[in-house]
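Below are the chains, spelled out letter by letter.
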Amino acid sequence: VALRRLVDAVQPSDRGSAVAAGLALLGLGPGLTPSGDDALVGFLGAWRWLSPRALDDDIRRAMLGALVDRAPSGTTSVSAEFFHHLFHGRVSEPLLQLFEALIAGTQHDVQRAADRIAAWGASSGLDTLSGVHALLLAARMAQLHVAPDKEEAAWD
Amino acid sequence: LGLTHAVVRRSTYRDSVQLMSIAAALESMPGVERAAVVMATAANVELLVDLGLPPSAVEGVTPSDLVVAPAATDAASLDAALQRAQALLEGEPVTQGRPADSRPRSLIGALRLAPAANLAVISTPGPFAAAEALKALKRGLHVFCFSDNVSLGDEVRLKRVAEQRGLLCMGPDCGTSIIDGVPIGFANATRPGRVGLVSASGTGLQEVICILDRAGEGVSQAIGVGSRDLHQEVGGAMMRAGLQLLGDDPATEVIVLISKPPADSVAAAIVGAAQAVAKPVVVCFLGAEPAPTAGTVRLTASLAEAAQQALHVLGRALAQEDFTPPDGWGAAPAGRRPERSLASSPAVRSSTRPSACFARQGSSSRARMAQITISSSTSATISTRWAGRTR
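Calculation rules
Position numbers for residues start from 1 in each chain and track the written sequence from start to end. Here the convention is simple: chains get letters from A, ligands get numbers from 1, in the order in which they are written. A pLDDT threshold of at least 70 governs which residues receive local features in this predicted model, and a stricter bar of 80 or more applies before side-chain atom pairs are shown or counted, although totals over entire chains, interfaces and linings include all residues. Hydrogens are left out, water is left out, and the side-chain values use all remaining heavy atoms of the structure. In this description a helix means any DSSP run of H or I spanning at least four residues, a strand means any run of E spanning at least two, and both kinds are numbered starting from the N terminus. Buried residues are those whose accessible area, probed at 1.4 Å on protein chains only, stays under 20% of the maximum for their type, while exposed residues exceed 50% and partly exposed ones sit between those limits. Note on contacts: a residue pair qualifies if any of its non-hydrogen atoms lie within 4.5 Å across the two residues. All accessible areas in this document rest on Shrake-Rupley with a 1.4 Å probe, and a residue is counted as covered only by the protein chains that are shown. The pairing criterion for strands is at least two bridges between them, as found by DSSP. Structural elements are reduced to axes, namely lines fitted to C-alpha atoms, with helices fitted over the stretch in contact, and the angle between N-to-C directions of any two is expressed from 0 to 180 degrees.

Enquirer: So what's going on with the overall build of chain B? Residues and values would help.
Expert: Each helix and strand in chain B was counted, giving 10 helices and 15 strands. Counting over 391 residues, chain B shows a buried share of 51%. Partitioning the contacts of chain B with sequence separation of at least 6, the portion at a separation of at least 24 is 71%. Element-wise, carbon and sulfur atoms account for 53% of the exposed surface of chain B, whose accessible area totals about 16,700 Å².

Enquirer: Residue-level account of the sheet that holds strand β1 (residues 7–9) of chain B, with values.
Expert: Residue and element names in this part refer to chain B. Sheet architecture is open: 3 strands sit in the order β1-β3-β2, paired in antiparallel fashion. Of all the strands in the sheet, the pair left with one neighbour each is β1 and β2 (32–39). Neighbour to neighbour, the strand axes of the sheet diverge by 10 degrees on average, direction disregarded. Direction of pairing for β2 relative to strand β3 (residues 66–72): antiparallel, over a ladder of 7 bridges. Following the sheet pairing, Val37 is matched in β3 by Val68. The sheet contacts of helix α3 (residues 75–90) involve β1, β2 and β3, and relative to β3 the element is tilted by about 155 degrees.

Enquirer: A description of the pairing of strand β11 (residues 254–259) of chain B should follow, citing residues and the corresponding values.
Expert: Moving residue by residue along a regular strand, the side chains alternate between the two faces of the sheet. Residue and element names in this part refer to chain B. With respect to burial, β11 is a largely interior element, 6 of its 6 residues being buried. On β11, burial covers both faces: Val254, Val256 and Ile258 on one face and Ile255, Leu257 and Ser259 on the other are all buried. Bridge count for strand β9 (residues 192–199) against β11 is 5 bridges, and the pairing is parallel. Considered in β11, the bridge of Gly196 is made with Ile255.

Enquirer: How would you sum up unusual backbone geometry? Please name residues and give values.
Expert: Residue and element names in this part refer to chain B. In the segment running from Gly171 into Pro172, the intervening peptide bond is cis, with an omega of 10 degrees. Backbone geometry at Asp173 places phi at a positive 60 degrees, although glycine is not the residue there. Within the secondary structure layout, Asp173 lies in the loop between β6 (169–170) and β7 (176–179). A positive phi angle is found at Asp180, which is not glycine, with a value near 50 degrees. In this fold, Asp180 is placed in the loop between β7 and β8 (182–188).

Enquirer: Break down the side chain of Ser123(A) for me, with residues and values.
Expert: Checked against the element boundaries, Ser123(A) lands in the loop between α7 (107–118) and α8 (124–145). Apart from residues lying up to four places away in sequence, Ser123(A) is in contact with Ser35(A) and Met20(B).

Below is the structure:
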């Protein structure tokens, strides 16, 4: 539900609600890296690397900034470390491979990268993937909502 | 009853898989409906309180604390679940054989646990391996460097340091050694014997050892040196060091050297060094032109021939069936555990020895695996963990 709220919040380019939706996931759920954190890493990582045109990158930066600020007190130190690295443009290698596969790889590449991530931990990998998926969904929905004239402009 | 009580463990980190298994263990108890096992982040605490947990049960928690909150149908089940949770949390980590705090996270930590160790197994991503290997050498440890992707320049430097200190630097990119009967990396379980080997080819090494074993002969020491030891730049530094050690080792009666074809000058230097050893030496440069016997040195071009020559020197004949695994190979007789007294060899003493029985295998390769444990991605440990059952 919280992830769904995040998907909805990032589309209308409303910085405040997007940041709030992101913070609502911080430290939420089971695991040494709580599920919400894993999903956020997948979500924001995909946003950073795939940089969908339909989404406003300022919002991503605002969310990430807020999360990095709050992570040390809001979640486990392992998770906080992930946000710290994400802030500095670093994600784990398998995740990077997934992004590369999504940009320029074959379906098989994507599948293989996703399988590798899914194997992480108890559920962390799947949580991360759901974050990536949520971002793709948000981007797609935002793209559909772009006004027709703007959409044309976007293709130029 | 819903969530009424919680066990809080301060500053407790457990791997997610273990957290899940604790939850599963509690949920399998009678009368326990479900169990929350979560880190006490603000979001999680809020959720637990929403689910009915009294705020007093989680007062003052921080995100580094672990909360276990079972929901039980009756007070007795709840008590049992809370007790079990305590026990599970106090017990050893579920999937580890040893408590977490005894697993070293650095070479120095490992040395603190095993001050008498004299061999470090390095298995880290390549860019970190040279630094770890250098640390080990500088502390007087022999090195077995499983890692590859170490630059040739670093390899030259490492082996130079090893030479200066009279240590072995097996690798980088070394997959197999058998030191005092202890397989390091990947090695076949073969009988102890009189043949000492030094090899820049792990697979070649294993093949020769297997042929020797089938013919009833065994290994005194098998020293891997890494695939690039006989490159021009490295100059066969460790092959020469290994040769010398085996030359001085009373348990070794014949020496076998194995490599892919080396640089000409290196080949000449190795053969020269071999001639200086007062024991028969069989040299196998794979695929090289067969050359005549030169004094005590026999040059061979194939692994099988190298094994055959070694056996010949020892007065053993090699039958055709020694090359062909017979039916039921996997059910080879017991008693071939490669275990010898640690103090038996003056050449190289390893700090480790296999503690578990090796499983018999049905496969024709008869390979048995020693798993190298690394405690973190960037540090090495001295310990190796033996796979009691490899398949």
